[in-house]
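Inside the fold
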4 protein chains.
Amino acid sequence: MRTGVWLVGARGSVGVTAIVGLSALRAGLAETIGCVTELPHFREAGIPPLDALVVGGHDIVDTPLQKRAEELGAAGVVPADLVSAMSAEIAEVETDIRPLPGGATQADIAEAVMADLTEFRNRRALDELVVVNVASTEPQAPGDPAHDDLDTLRAALRQSGEVLPPSSLIAYAAFEAGCSFVDFTPSTGARLPALDSLARERRVPYAGSDGKTGETLVRSALAPMFAQRNLRVNSWSGTNLLGGGDGARLAEPGANAAKTQSKSKVLESVLGYRPQGVTRIDFVEELGDFKTAWDLISFSGFLGTRMRMELTWHGCDSALAAPLVLDLARLTAAAQHAGRVGPLGELGFFFKDPVGTAEASLADQWAGLIEFATGLAPA
Amino acid sequence: MRTGVWLVGARGSVGVTAIVGLSALRAGLAETIGCVTELPHFREAGIPPLDALVVGGHDIVDTPLQKRAEELGAAGVVPADLVSAMSAEIAEVETDIRPLPGGATQADIAEAVMADLTEFRNRRALDELVVVNVASTEPQAPGDPAHDDLDTLRAALRQSGEVLPPSSLIAYAAFEAGCSFVDFTPSTGARLPALDSLARERRVPYAGSDGKTGETLVRSALAPMFAQRNLRVNSWSGTNLLGGGDGARLAEPGANAAKTQSKSKVLESVLGYRPQGVTRIDFVEELGDFKTAWDLISFSGFLGTRMRMELTWHGCDSALAAPLVLDLARLTAAAQHAGRVGPLGELGFFFKDPVGTAEASLADQWAGLIEFATGLAPA
Amino acid sequence: MRTGVWLVGARGSVGVTAIVGLSALRAGLAETIGCVTELPHFREAGIPPLDALVVGGHDIVDTPLQKRAEELGAAGVVPADLVSAMSAEIAEVETDIRPLPGGATQADIAEAVMADLTEFRNRRALDELVVVNVASTEPQAPGDPAHDDLDTLRAALRQSGEVLPPSSLIAYAAFEAGCSFVDFTPSTGARLPALDSLARERRVPYAGSDGKTGETLVRSALAPMFAQRNLRVNSWSGTNLLGGGDGARLAEPGANAAKTQSKSKVLESVLGYRPQGVTRIDFVEELGDFKTAWDLISFSGFLGTRMRMELTWHGCDSALAAPLVLDLARLTAAAQHAGRVGPLGELGFFFKDPVGTAEASLADQWAGLIEFATGLAPA
Amino acid sequence: MRTGVWLVGARGSVGVTAIVGLSALRAGLAETIGCVTELPHFREAGIPPLDALVVGGHDIVDTPLQKRAEELGAAGVVPADLVSAMSAEIAEVETDIRPLPGGATQADIAEAVMADLTEFRNRRALDELVVVNVASTEPQAPGDPAHDDLDTLRAALRQSGEVLPPSSLIAYAAFEAGCSFVDFTPSTGARLPALDSLARERRVPYAGSDGKTGETLVRSALAPMFAQRNLRVNSWSGTNLLGGGDGARLAEPGANAAKTQSKSKVLESVLGYRPQGVTRIDFVEELGDFKTAWDLISFSGFLGTRMRMELTWHGCDSALAAPLVLDLARLTAAAQHAGRVGPLGELGFFFKDPVGTAEASLADQWAGLIEFATGLAPA
Ligand SMILES: NC(=O)c1ccc[n+]([C@@H]2O[C@H](COP(=O)([O-])OP(=O)(O)OC[C@H]3O[C@@H](n4cnc5c(N)ncnc54)[C@H](O)[C@@H]3O)[C@@H](O)[C@H]2O)c1
Ligand SMILES: NC(=O)c1ccc[n+]([C@@H]2O[C@H](COP(=O)([O-])OP(=O)(O)OC[C@H]3O[C@@H](n4cnc5c(N)ncnc54)[C@H](O)[C@@H]3O)[C@@H](O)[C@H]2O)c1
Ligand SMILES: NC(=O)c1ccc[n+]([C@@H]2O[C@H](COP(=O)([O-])OP(=O)(O)OC[C@H]3O[C@@H](n4cnc5c(N)ncnc54)[C@H](O)[C@@H]3O)[C@@H](O)[C@H]2O)c1
Ligand SMILES: NC(=O)c1ccc[n+]([C@@H]2O[C@H](COP(=O)([O-])OP(=O)(O)OC[C@H]3O[C@@H](n4cnc5c(N)ncnc54)[C@H](O)[C@@H]3O)[C@@H](O)[C@H]2O)c1
Ligand code: NA
Ligand code: NA
């Protein structure tokens, strides 16, 4: 099953790390650390092998992939020697990256995006094509009645003006082109009723939102412990310090709001109540791609006795995110192949703010993922 | 179902906290925080209500319960005003605490212990009696061929000398008296083939070992996250600083070895390999019952990129342990009532070093516990 | 030397803790922990003994001191049994707390405040009277030309409207009444050219601003280490989580800005450059008076190698502040007695944002303090 | 002033980092971060410039410097590209590294060492020669009466057997050869009465012991804060996790004891009492040269209110140590040049366990260092 992975934001840190890493894995120069779908549990699941993946994508900047890869090498996100060793493979992918098309109306832009997708699918003879959004986080988009109805939306797209934020326009184009869609960002993406209708009409699946790679990952693993032990969480506060392109963007108030909101849902959902506390994201340029998150949990035990827990996470965001992008592309392609349509709640394991499911405990998400993957396996 | 809870080490911090707390819960003066079996999941499980519990026990010291309770109040382990409010109830339990009997041979001691248990059961008209070991941790006991065979053991007990460590002698006496047995400590307890035979012969269940209340609890919640995300844990090191009676005992090399060994199993079991790192327990008297544990986890992600996580746990050990003692007594009584015999692996959720199961992930233990409790429910 | 301590905000946490603590120290029921001026270094300095202090004050609320003291006892800020033991002494101070006077113009209010101060000084036969501001932090005050010139200010005070923020009006009244003034808060207080002129005219000293009790204290002790070792601090970020009345006030954007600004000065001043990083104060009600501050320091060593340091401070703010209020009153009274006039830069040891000095290193502030105190000693 | 720096243990991590770094500084390829004597305070002190330093040394292994440097580059201790860029300079130093000589008696070994030193001094036309011990930490040496008297020692050295541990034999040879001596390790070195006599006889200065680069550095900066604020430190516990050659050696009980002992002195000395708590050093191989130290400080404030502080230090040991080795060589050479004899207590700033001084507060050590350096300046 030849599987296309179309990265929107292909020249960003996550995109380039995924491209370098996929090349290295195929060349046998890297281990499969961080790749969930390489765990034994997924061996029989009928998901496309790493060798079957073909990468292309869109971006709004034209910095060469090789240059971005070298920057990531210098920053310690990927091994610098891998970047040199993979230069031929990176150059190969470079030929499949397109500038994000413009157009007079959003309908025109969508057509042009669809044309890029179709051309890639045909030229590369792909069985499935998954569009993965790894572009910069957008500001929270204003609501619009056209978001709720597909016909109204189609009409609005032909008008001038921006009825859809960029991430949703991409999802629209992907669905129209018969591609599945994964949103790795907290942007709106496919999360509009009109787009859900479209996905069902075109019989494609989609997944999202916002890759779970740090503080929220840890919270979804740890919060169930407090619930299961009947300990009362009085407050759970968090601070995230990060640099990098994504950090700069998240420091803008609009994007920050989108992100801290998706972070706060997990606790309420797992605990059944909302503990006090604030979650912050602050931009500290010099930290680069290495994020530090600190959480303080203040809780009560038997007879009200007060206790505390603190945790610090020093993670390299792109190195955590990139293998999940590959996992998601493989799983979503397999789901499309198996005829799955609409939101893939079973991929909630990978997301801060999962669509199609209310499950927020990591362990339960894991169980759901394994069951899902097993169910995809050809009989 | 009137259920006896016989605490071996009843005058210790865990024992007294359980006694004060149970009284307060019954009097409606405390919430059920920390009590697992008070969660909605257990509502239909047919476990004895808190009102049905009757507490007695053994200890080797004779400090009055009230005095120990006041010390715990002054130390902030239990609210000081609860201790005054509950003095009548504490005095009532005091009448059921016995000195640990002596005897010429261990068989004689066992007889005397059995007599105490039987007298308590009869006088208090109990349907079930669960013996719970909350005594000081013993040094690791030397092996003995009599541990492997029940007949040999019975013969050896009639000789002079100590073929069994105290915790195992108590388990022996409990089984002989038809009681179930829970070992909340890392001591040997029922974990000998000869005692397992005896439990099966007497058709009683048992559970253990070593209540999971701090660092190991967190590890069992967190380690699966690393495994599920295919992240490689290079080292996981831990330091536990604690005062209190238990801290002093654990500072003795023999007991320390027993405890750090049970702590190290969870990582190996969940991850499938043993990361580097050392786990320490150090006695710092002035910290009292409030333990601080610090863990450093060094791990690798995609393409080998190195990351770290740190966590600090400031817990009040007895306040974490006491409600679990009540949970375990209730669940074990219900299991005995339902005819369960031998090790209760399904109670692994509560233990650092669970008997009767290899399951070490907290989430999987939780799922097993719920299934178990549901299965106990009367049809 | 009978010394009056007039607390503006006497019914607040800091004020009440100081009142309870002073009583307990005198009664021999508490040790002098936290009292800087009780260290041997100050023995010869001729500062008034604790027994010579007489407390009074203003507040805008009328909650009884005893009630506030009991709340602090319940919250663990002061020992609950001390509060009962000291009730007679607390009641005695209660008779010297006055409501903050009102008036048609700020000049009228100042007159009324002066009358309260003078009445207290006469009735209690005080040799010196120190006014200490421990009232809630004000929003940053807007500038006004009258702040720069004493005559203009005097004229403006007689107009309607608020030319001075409350803290500065108090400083004005204190100086006019011949009292020295200490600002324990980040409010404007005496830090206006016109008020400095007034202090010099009246020949009284003043000190401030913003008691240094937590994160900034630690920073002023630690930052010199990086400077002296020629290590480069790339970023220094901080998060402060606190509840309590002060926390609620600081959560208001105006007050928060005043406070985080005074926090950021120490690093720049000690290091000679401003590292990246953000310092936050967030209100988490349930933490009460126990504040948690977390700092992340990212620095470079030899050949640019990158390293990190993290620290967490769990302090009880009022218990840290109250003894310093007593220290400051004693030292300022002694300085006034010794004829010192204007800003007391030598008290910078006690403040986040010291007036009258550019010294920001704790060690250098300490050396300056000792020299100052020694210099006060009668020949 | 051409100044020789003779590194005993030149092929170790600290030695090689110093060699690579010195070359890079001279070549203008690195900044002077981490070099104390490059701070403005030392500009007039008459210490030899970096360009005047000439490095040689002894080691017991013969791994080429270049190979060790490449390993340090791969481990991220020094920038890998600097190592390639400096290969010519490293090769130049390689010609001055000698194997540690053997001999029938310790007197013979000392003679051979002296010959190496003298040959180096003459061939390189050095004005001063400083021997710096950066060899592996020795086990604590057994006492011997010959350690107390120089004549007895000289006689004993001519016998077979080892009256001196290796570090002390080196100090002996250095002094006899008219060289000054710096002990960067916790080994015995010059700290024997007989060797002190010899240093005075030969009119050379010496400094030590045990470079202060991590936890103890922070403790010496922070502990004075608690003392100055009259806060009572109830316990101060520490855990050090490190890999690397030094980590492996420190994991041996003898060396570990030597090191934890020198770590515990600073607190007692600064605070005036010894708080409870344990300090541990544990070997975790995979952490390599990057050490993590964690400290828990539990303290009481006003009226006994209990508080806590925690700190984590993630430092690269060799990158912290190497510039200090250069600083110490420069300062000691200048001291020798200025006629200073015996222990240089004023260099205590650099050491965990300083000889010739009781001063343990970093700030006071800093003040002493500046005064010392200023005093060395030619009039
Ligand atoms: N790294 C993680 O751990 C992680 C986790 C969850 C979510 N995310 C999300 O993934 C996204 C990418 O993160 P990153 O660190 O790679 O950011 P980045 O800034 O390095 O890269 C974003 C890329 O998107 C491109 N881009 C911006 N707008 C675009 C558009 N409209 N169409 C096409 N391309 C566009 C930019 O030019 C840039 O190359 C962000 O939205 C981030 O929030 C990342
Ligand atoms: N508190 C926790 O979180 C926790 C968690 C896991 C295990 N445990 C274990 O629970 C046990 C009790 O802890 P604690 O803090 O109450 O200790 P503790 O020292 O306060 O109390 C132990 C009690 O056992 C009594 N005792 C000692 N030997 C005895 C014997 N042979 N027979 C009967 N009584 C005996 C002692 O007199 C004492 O009263 C320890 O073994 C501890 O390791 C506690
Ligand atoms: N606790 C610390 O560690 C610390 C450190 C530095 C500065 N401070 C400052 O000390 C002040 C007091 O802190 P707190 O925790 O006691 O606060 P709090 O809220 O408990 O008490 C403040 C008191 O001031 C009174 N008040 C408000 N406005 C007033 C006015 N105009 N005149 C007279 N009284 C007035 C309030 O009624 C209240 O009783 C705050 O400004 C705080 O920022 C405290
Ligand atoms: N790195 C730091 O921050 C720091 C701080 C304080 C003290 N120290 C001390 O510095 C010393 C060196 O540390 P390192 O990390 O470079 O260790 P390392 O193990 O990398 O190097 C030690 C070197 O000494 C050599 N050696 C051993 N015995 C010798 C002998 N008798 N004569 C000559 N050479 C000998 C070894 O062969 C090795 O090359 C250790 O004693 C360490 O405790 C280091
Ligand atoms: Na930490
Ligand atoms: Na911490």
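Residues numbered from 1 in each chain as written. Chains lettered and ligands numbered in written order. Predicted model: local features only at pLDDT ≥ 70, side-chain atom pairs only at ≥ 80, totals over all residues. Heavy atoms only, no water.

Chain A is annotated in an unreviewed UniProt entry as Myo-inositol-1-phosphate synthase from Paractinoplanes ferrugineus.

**A closer look at the side chain of R121 of chain B**
Residue and element names in this part refer to chain B. With respect to the helices and strands, the residue R121 is situated in helix 5 (residues 106-123). The side chain of R121 is buried and forms no salt bridge, while E128, the nearest opposite charge, is found at 6.5 Å. Residues in contact with R121, not counting those within four places in the same chain, are L126, L129, A177, G178 and C179. (Helix = DSSP H or I, 4+ residues; strand = E, 2+ residues; numbered from the N terminus. Buried < 20%, exposed > 50% of the residue type's maximum accessible area, 1.4 Å probe, protein only. Lys, Arg positive; Asp, Glu negative; His and termini not counted. Salt bridge = Lys/Arg side-chain N within 4 Å of Asp/Glu carboxyl O. Contact = heavy atoms within 4.5 Å.)

**Re the coordination of the sodium ion (ligand 6)**
The protein atoms donating to the sodium ion (ligand 6) are E310 of chain A (OE) and E310 of chain D (OE), with metal-donor distances spanning 2.9 Å. A gap of 2.2 Å separates the sodium ion (ligand 6) and the sodium ion (ligand 5). With E310 of chain A in strand 10 (residues 306-316) and E310 of chain D in strand 10 (residues 306-316), the pair connects residues from two separate chains. (Donors = N, O, S within 2.8 Å, 3.2 Å for Na, K, Ca; no water.)

**Points about unusual backbone geometry**
The step from G208 of chain C to S209 of chain C runs through a cis peptide bond, and the omega angle for that step is -5°. Considering the arrangement of structural elements, one finds S209 of chain C in the loop between strand 6 (205-208) and helix 9 (215-228). One non-glycine residue, D210 of chain A, lies in the positive phi region at around 75°. By relative accessible area, which is 1% here, D210 of chain A ends up buried. Notably, R203 of chain C is not glycine yet its phi reads approximately 60°, a positive angle. Here R203 of chain C is to be found in the loop between helix 8 (193-202) and strand 6.

**Some remarks on the sheet that holds strand 5 (residues 180-183) of chain A**
Residues and elements named next belong to chain A. Taken in spatial order, the seven strands line up as 3-2-1-4-5-6-11 in an open sheet, and their pairing is parallel. The sheet terminates laterally at strand 3 (97-99) and strand 11 (342-343), the two strands that pair on one side only. Direction of pairing for strand 1 (residues 3-8) relative to strand 4 (residues 128-133): parallel, over a ladder of six bridges. Bridge assignment links T3 to a residue of strand 4, and that residue is E128. Helix 1 (residues 13-26) contacts strand 1 and strand 2 (53-59) of the sheet and is inclined by roughly 165° relative to strand 2. (Pairing = 2+ DSSP bridges. Axes fitted to C-alpha atoms, helices over the stretch in contact; angles between N-to-C directions.)

**Details of a nonpolar patch on the surface**
Residues and elements named next belong to chain A. A grouping of I60, V61 and L100 is seen on the molecular surface, where their side chains present a nonpolar patch of about 280 Å² in accessible area. Note on placement: V61 falls in the loop between strand 2 and helix 2 (65-74). We classify V61 as partly exposed; its relative accessible area is 41%. (Patch = residues over 30% accessible without salt bridge, like charges linked within 9 Å, V, L, I, M, F, W, Y side chains within 5 Å. Areas by Shrake-Rupley, 256 points an atom, 1.4 Å probe, with all protein chains shown as cover.)

**Remarks on the packing of aromatic side chains**
Applying the stated criterion to the full structure yields 38 aromatic pairs over all chains. With a centroid separation of 6.2 Å and 70° between ring planes, the pair formed by F42 of chain A and W366 of chain A is classed as edge-to-face. You can see F42 of chain A sitting in the loop between helix 1 and strand 2 and its partner W366 of chain A sitting in helix 13 (residues 362-376), a full 324 residues away along the chain. The residues F42 of chain A and W366 of chain A share a single accessibility class, namely buried. Here the aromatic rings of W294 of chain B and W294 of chain D are separated by 5.3 Å at their centres, their planes lie at 0°, and the arrangement is stacked. Of this pair, W294 of chain B sits in strand 9 (residues 290-300) while W294 of chain D sits in strand 9 (residues 290-300), placing the two residues on different chains. Here W294 of chain B falls in the buried class, since its relative accessible area comes to 0%. Site record: aromatic cluster; members linked through ring pairs are F42, F349, F350 and W366 of chain A. Here the basic side chain of R229 of chain B rests over the ring of F349 of chain A, its NZ or CZ set 4.7 Å away from the ring centre. (Phe/Tyr/Trp six-rings, centres within 6.5 Å; stacked < 30°, edge-to-face > 60°. Lys NZ or Arg CZ within 6 Å of the ring centre and 35° of its normal.)

**Some thoughts on the relation of the copies chain B and chain A**
You can overlay chain B on chain A at an RMSD of 0.1 Å; the transform is a turn of 180° with a shift of 0.0 Å along its axis. As the rotation angle and translation indicate, the two copies are arranged about a two-fold axis. Proximity to the rotation axis, assessed at the C-alpha, singles out L311 of chain B in chain B; its C-alpha lies 2.1 Å from the axis. Comparing interface residues between copies, 100% of those in chain B also sit at the interface in chain A, which points to an isologous, same-surface contact. (Least-squares fit on C-alpha atoms with pLDDT ≥ 70 in both.)

**A short note on the sheet that holds strand 4 (residues 128-133) of chain C**
All names here are of chain C. Ordered in space as 3-2-1-4-5-6-11, the seven strands form an open sheet in which the pairing is parallel. What marks the edges here is a single partner per strand, and that holds for strand 3 (97-99) and strand 11 (342-343). Bridge count for strand 1 (residues 3-8) against strand 2 (residues 53-59) is six bridges, and the pairing is parallel. Following the sheet pairing, V8 is matched in strand 2 by H58.

**Focus on the interface of chain B and chain A**
Frequently, the measure chosen for interface size is the accessible area removed from exposure when the parts meet. Contact with chain B, which involves 61 residues of that partner, is made by 62 residues of chain A. Carbon and sulfur atoms make up 67% of the surface buried where chain B meets chain A, a total of about 4,800 Å² over both sides. By the criterion of area lost to chain A, the three top residues of chain B are R229, F302 and L303 of chain B, representing 20% of everything that side buries. At the junction of chain B and chain A, the tally comes to two salt bridges. Here E31 of chain A ties to R232 of chain B by a salt bridge, and the two come within 2.7 Å at their closest N and O atoms. (Buried area = accessible area lost by both parts, 1.4 Å probe.)

**Concerning the site of ligand 4**
All names here are of chain D. Inspection of the region around ligand 4 gives 29 residues, with V14, D59, A135, T137 and T213 positioned closest. Measuring from an oxygen atom of ligand 4, one finds a side-chain N or O atom of T213 at 2.8 Å. The protein chains hide 91% of the 850 Å² of surface that ligand 4 would expose on its own. Among the elements that line the shell around ligand 4, the one with the most residues is helix 12 (residues 317-337), at three residues. Across the shell around ligand 4, the residue classes break down as eleven nonpolar, ten polar and eight charged. Two domains each donate at least three residues to the shell around ligand 4, and these are domain 1 (3-211 + 319-376) and domain 2 (215-316). (Near = heavy atom within 4 Å. Polar contact = N/O pair within 3.5 Å; in protein donor to acceptor, adjacent residues only side chain to side chain. Nonpolar A, V, L, I, M, F, W, Y, C, P; charged D, E, K, R; others polar. Domains from an automatic or database assignment.)

**Digging into the site of ligand 3**
Residue and element names in this part refer to chain C. Taken together, 29 residues form the shell around ligand 3, and within it V14, D59, A135, T137 and T213 come nearest. In the environment of ligand 3, an oxygen atom lies 3.3 Å from a nitrogen or oxygen atom belonging to the backbone of S136. Calculation on ligand 3 without its partners gives an accessible area of 840 Å², and the protein chains cover 91% of this total. Where the shell around ligand 3 is concerned, the elements lending two or more residues are helix 1 (13-26), helix 10 (244-250) and helix 12 (317-337).

**Remarks on the state of the cysteines**
Residues and elements named next belong to chain B. Per the counting criterion, the structure on display carries zero disulfides over all chains. This cysteine, C35, is not joined by any disulfide, and C316 carries the nearest cysteine sulfur, 14 Å off. Judged by its relative accessible area of 1%, C35 falls in the buried class. (Disulfide = S-S within 2.5 Å.)

**Brief notes about the environment of M225 of chain D**
Of note, M225 of chain D is situated in helix 9 (residues 215-228). C-alpha separation for the pair M225 of chain D and W294 of chain D, spaced 69 residues apart in sequence, amounts to 18 Å. Look past the residues within four positions of M225 of chain D in its chain and what remains in contact with it is L217, V218, A221, W313 and L362 of chain C.

**A short note on a negative patch on the surface**
A contiguous patch of negative charge, built from D144, D148, D149 and D151 of chain C, is present on the exposed surface. Looking at where D151 of chain C falls in the secondary structure, it is placed in helix 6 (residues 150-157). (Charge placed at Lys NZ, Arg CZ, Asp CG, Glu CD.)

**Observations concerning helix 8 (residues 193-202) of chain D**
Residue and element names in this part refer to chain D. Within the sequence span of helix 8, burial applies to A194, L195, D196, L198 and A199. Lining the buried residues of helix 8 we find helix 6 (150-157), helix 7 (166-176), strand 6 (205-208) and strand 11 (342-343). Taken from the residues just after helix 8, R203 is the one with a positive phi, measuring 60°.

**Remarks on the packing of helix 9 of chain C against helix 9 of chain D**
The contact between helix 9 of chain C and helix 9 of chain D brings their axes to 9 Å, and the two run at 140°. The chirality of how helix 9 of chain C crosses helix 9 of chain D is right-handed. For the pair helix 9 of chain C and helix 9 of chain D, the contacting residues are L217, V218, A221, L222 and M225 of chain C in the first and L217, V218, A221, L222 and M225 of chain D in the second. Each residue belonging to the contact of helix 9 of chain C with helix 9 of chain D can be placed in one class, and the counts come to ten nonpolar, no polar and no charged. (Left-handed = near helix turned anticlockwise from the far one by under 90°.)

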